[in-house]
Amino acid sequence: MKVVLASDHGGFELASEIEAFLKERGIEVDNIGCGCPDSVDYSDYGIPAAEKVAEGEYDRGIVICGTGIGMSIAANKVRGIRCALVHDVYTARVTREHNDSNVLAMGARVIGVDLAKEIVKTWIGGQFEGGRHARRIEKVMDYESNEN
Ligand code: RB5
């Protein structure tokens, strides 16, 4: 599995922790920034990361800002992206099982590093259940592709 990681200044420290955590677990990960505390716009990092997942360059994306909200809004504007904003292990698991989320958003000012690692571990390992959930996703993706 190849993962693209992106953050703004509010999330760059957690992003580097998550990058190291994924590498330790043998998961290929590219951190596309921002990588420093200077104020940047989350959209400049979240949208390119989401595009790389949508285009198939990466299997999954993880985007981190202060709250996770800006990053999740930005990522979900990219066609084909289902970005889940997650701050607990339960929804990390269920968003993979039910929503087949391909991007995970987290807020570095909301949760601690250890919980974020647990969330990432759970989300990376989670399996989509298909069935009725696939039908529901299809309806959302159809809506998106019809450009209503
Ligand atoms: C930056 O201060 C902050 O607004 C950003 O990291 C994020 O929380 C936006 O949703």
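The structure this text deals with has already been given above.
Residues numbered from 1 in each chain as written. Predicted model: local features only at pLDDT ≥ 70, side-chain atom pairs only at ≥ 80, totals over all residues. Heavy atoms only, no water.

## Some thoughts on helix 6 (residues 132-145)
Right, on to step 1. Taking 1.5 Å per residue as the helical rise, helix 6 with its 14 residues ought to reach 20 Å, and the 20 Å between its terminal C-alpha atoms agrees with that figure.
Right, on to step 2. Regarding helix 6, the residues found buried are H133, I137 and M141. The arc that holds the buried residues of helix 6, viewed along the axis, is 60°, so those residues lie on one side. Of the exposed residues in helix 6, the ones pointing more than 90 degrees away from its buried face are E138, K139 and Y143. (Helix = DSSP H or I, 4+ residues; strand = E, 2+ residues; numbered from the N terminus. Expected span 1.5 Å × (residues − 1). Buried < 20%, exposed > 50% of the residue type's maximum accessible area, 1.4 Å probe, protein only. Arc of directions from axis to C-beta.)

## Quick notes on the sheet that holds strand 2 (residues 28-31)
In a beta sheet, neighbouring strands pair by backbone hydrogen bonds and run either parallel or antiparallel.
Right, on to step 1. Pairing within the open sheet is parallel, and its five strands lie in the order 2-1-3-5-4. Of all the strands in the sheet, just strand 2 and strand 4 (83-85) have a single pairing partner and so form its edges. Taking the axes of each pair of neighbouring strands and ignoring which way they run, one obtains an average angle of 20° across the sheet.
Right, on to step 2. In this sheet, strand 5 (residues 103-107) lies alongside strand 4 in parallel orientation, the contact comprising three bridges. (Pairing = 2+ DSSP bridges. Axes fitted to C-alpha atoms, helices over the stretch in contact; angles between N-to-C directions.)

## Concerning the site of the ligand
Right, on to step 1. Around the ligand, a shell composed of D8, H9, Y42, C65, G66, T67, I69, G70 and R109 is seen.
Right, on to step 2. A distance of 2.9 Å is found between an oxygen atom of the ligand and a backbone nitrogen or oxygen belonging to T67.
Right, on to step 3. Protein burial of the ligand: of its 290 Å² of free accessible surface, 71% is covered by the chains.
Right, on to step 4. Residue composition of the shell around the ligand, grouped by class: three nonpolar, four polar and two charged. (Near = heavy atom within 4 Å. Polar contact = N/O pair within 3.5 Å; in protein donor to acceptor, adjacent residues only side chain to side chain. Areas by Shrake-Rupley, 256 points an atom, 1.4 Å probe, with all protein chains shown as cover. Nonpolar A, V, L, I, M, F, W, Y, C, P; charged D, E, K, R; others polar.)

## Observations concerning the pairing of strand 2
Looking down a regular strand, the side chains alternate between one sheet face and the other.
Right, on to step 1. Summarising the sheet, strand 1 (residues 2-7) and strand 2 pair through four bridges and their orientation is parallel. The partner of V4 across the bridge, within strand 2, is D30.
Right, on to step 2. Crossover connection from strand 1 via helix 1 (residues 12-24) to parallel strand 2: handedness right-handed. (Right-handed = clockwise from strand over helix to strand, strands pointing away.)

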